Amino acid sequence: MKNDMKEILLTEEQIQEKIKELGHTITEEYKDRFPLFVGVLKGALPFMADLVKSVDTHLEMDFMDVSSYGKSMVSSGEVKIVKDLDTKVEGRDVLIVEDIIDSGLTLSYLIELFKYRKAKSVKVVTLLDKPEGRKVDLVPDLTGFIVPDEFVVGYGLDFAERYRNLPYVGILKPEVYEG
Ligand code: PRP
Ligand code: MN
Ligand code: MG
């Protein structure tokens, strides 16, 4: 799979070191608040799995799967819930865990949804942020790395469902996605 990469953007070591830092910050902020971590399927799975292991306080995990109609050229901003939470968010300190923020549509929808459901607080941690992709104003509370406006895969991020299982993040060679 490494042959398909134009460049390794973030090594496994860089990612794991950053996650430890994020884990410490989150531990301080959420100590004794029993936060609800919401992982956004499927991309956030590897990040969620590693992040929770570096957080040293009680927490609850749940997952949500949404699909955005805003992926095409024309962005409607509409998001469909494919799998909802099993947990009530009312009165909870919710931390949304994402692998990447691009347009910001997925997250802005989820933030509004959890506020509407009367969460006590709603914050966002993302491993990667691609600010050049933004269609709506959205600044994550915690960010691992800023990435350029390129086709990045690995560590949860897919191209046609592949590459999610890479332990690193890389930029795909154009010939790979151009077929
Ligand atoms: C990707 C990524 C984020 C979202 C970011 O998920 O994992 O969830 O897109 O894009 P946005 O900021 O433009 O909304 P995707 O919908 O591709 O599903 P996946 O996680 O299952 O790959
Ligand atoms: Mn996703
Ligand atoms: Mg995807």
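Residues numbered from 1 in each chain as written. Chains lettered and ligands numbered in written order. Predicted model: local features only at pLDDT ≥ 70, side-chain atom pairs only at ≥ 80, totals over all residues.

Caption draft 1: Layout of the overall build of the chain. From N to C terminus, the chain includes 4 helices and 9 strands. Listing each helix as α and each strand as β along the chain from the N terminus yields β-α-β-α-β-β-β-α-β-β-β-β-α. Taken along the three principal axes of its C-alpha coordinates, the chain extends 50 × 40 × 25 Å. Counting only residues that meet the buried cut, the chain has 34% of its 179 residues in that class. Considering only contacts in the chain between residues 6 or more positions apart, those separated by 24 or more positions represent 67%. (Helix = DSSP H or I, 4+ residues; strand = E, 2+ residues; numbered from the N terminus. Buried ≥ 20, exposed ≤ 12 C-beta atoms within 10 Å, placed from the backbone. Contact = placed C-beta atoms within 7 Å.)

Caption draft 2: Structural detail: the site of ligand 1. In the region of ligand 1, 15 residues are neighbours, and K42, G43, D102, S103 and T106 sit closest. Of all the secondary-structure elements, those providing two or more residues to the shell around ligand 1 are β2 (36–41), β5 (93–101) and α3 (105–116). Residue composition of the shell around ligand 1, grouped by class: 5 nonpolar, 5 polar and 5 charged. (Near = placed C-beta within 6 Å. Nonpolar A, V, L, I, M, F, W, Y, C, P; charged D, E, K, R; others polar.)

Caption draft 3: View of α3. Given a rise of 1.5 Å per residue, 12 residues ought to cover 16 Å, and the 17 Å separating the end C-alpha atoms of α3 matches this to within 8%. On its buried face, α3 sits against β2, β3 (60–68), β4 (79–83), β5 and β6 (121–129). K118 occupies a position one or two residues after α3 and carries a positive phi of about 65°. (Expected span 1.5 Å × (residues − 1).)

Caption draft 4: A look at the confidence of the model for the chain. Mean pLDDT over the chain stands at 95; residues scoring 70 or higher make up 96%. Taken together, the chains of this predicted complex give a pTM of 0.96 and an interface ipTM of 0.97. (pLDDT = per-residue confidence, 0-100.)

Caption draft 5: Spatial organisation of the nonpolar core. Counting 42 residues, the largest nonpolar core has V38, F47, L51, V94, I96, V97 and L157 as the members making the most contacts within it. Here the element with the most residues in this core is β5; it accounts for 6 residues. Apart from the residues lying within four places of it in its own chain, the contact partners of L157 are G43, D99, I100, V152, Y163, R164 and V169. (Core = buried A, V, L, I, M, F, W, Y, C linked by C-beta atoms within 7 Å.)

Caption draft 6: Representation of the sheet that holds strand β9 (residues 169–172) within the structure. Read across the open sheet, the 3 strands follow the order β1-β9-β8; overall the sheet is antiparallel. Looking at strand neighbours, the two that pair on one side only are β1 (5–10) and β8 (152–153), the edges of this open sheet. Examined bridge by bridge, β1 and β9 share 4 bridges and lie antiparallel to one another. Opposite E7, over in β9, you have I171 as the bridge partner. (Pairing = 2+ DSSP bridges.)

Caption draft 7: Structural context of the sheet that holds β6. Pairing is mixed across the open sheet formed by 6 strands, whose spatial order is β4-β3-β2-β5-β6-β7. Two strands in the sheet have a free side with no partner beyond their single neighbour: β4 and β7 (142–146). The sheet shows a mean angle of 30° between the axes of neighbouring strands, direction not considered. As paired strands, β3 and β4 are joined by 4 bridges and run antiparallel to one another. What sits directly across from D65, in β4, is K83. Contacts from helix α1 (residues 12–30) reach β5, β6 and β7, with the element oriented near 165° to β7. (Axes fitted to C-alpha atoms, helices over the stretch in contact; angles between N-to-C directions.)

Caption draft 8: View of unusual backbone geometry. Of the consecutive residues L41 and K42, the connecting peptide bond is found in the cis state with omega at -5°. Its location among the elements puts K42 in the loop between β2 and α2 (45–53). Its identity is not glycine, yet A160 carries a phi of approximately 50°, on the positive side. Within the fold, A160 resides in the loop between β8 and β9.

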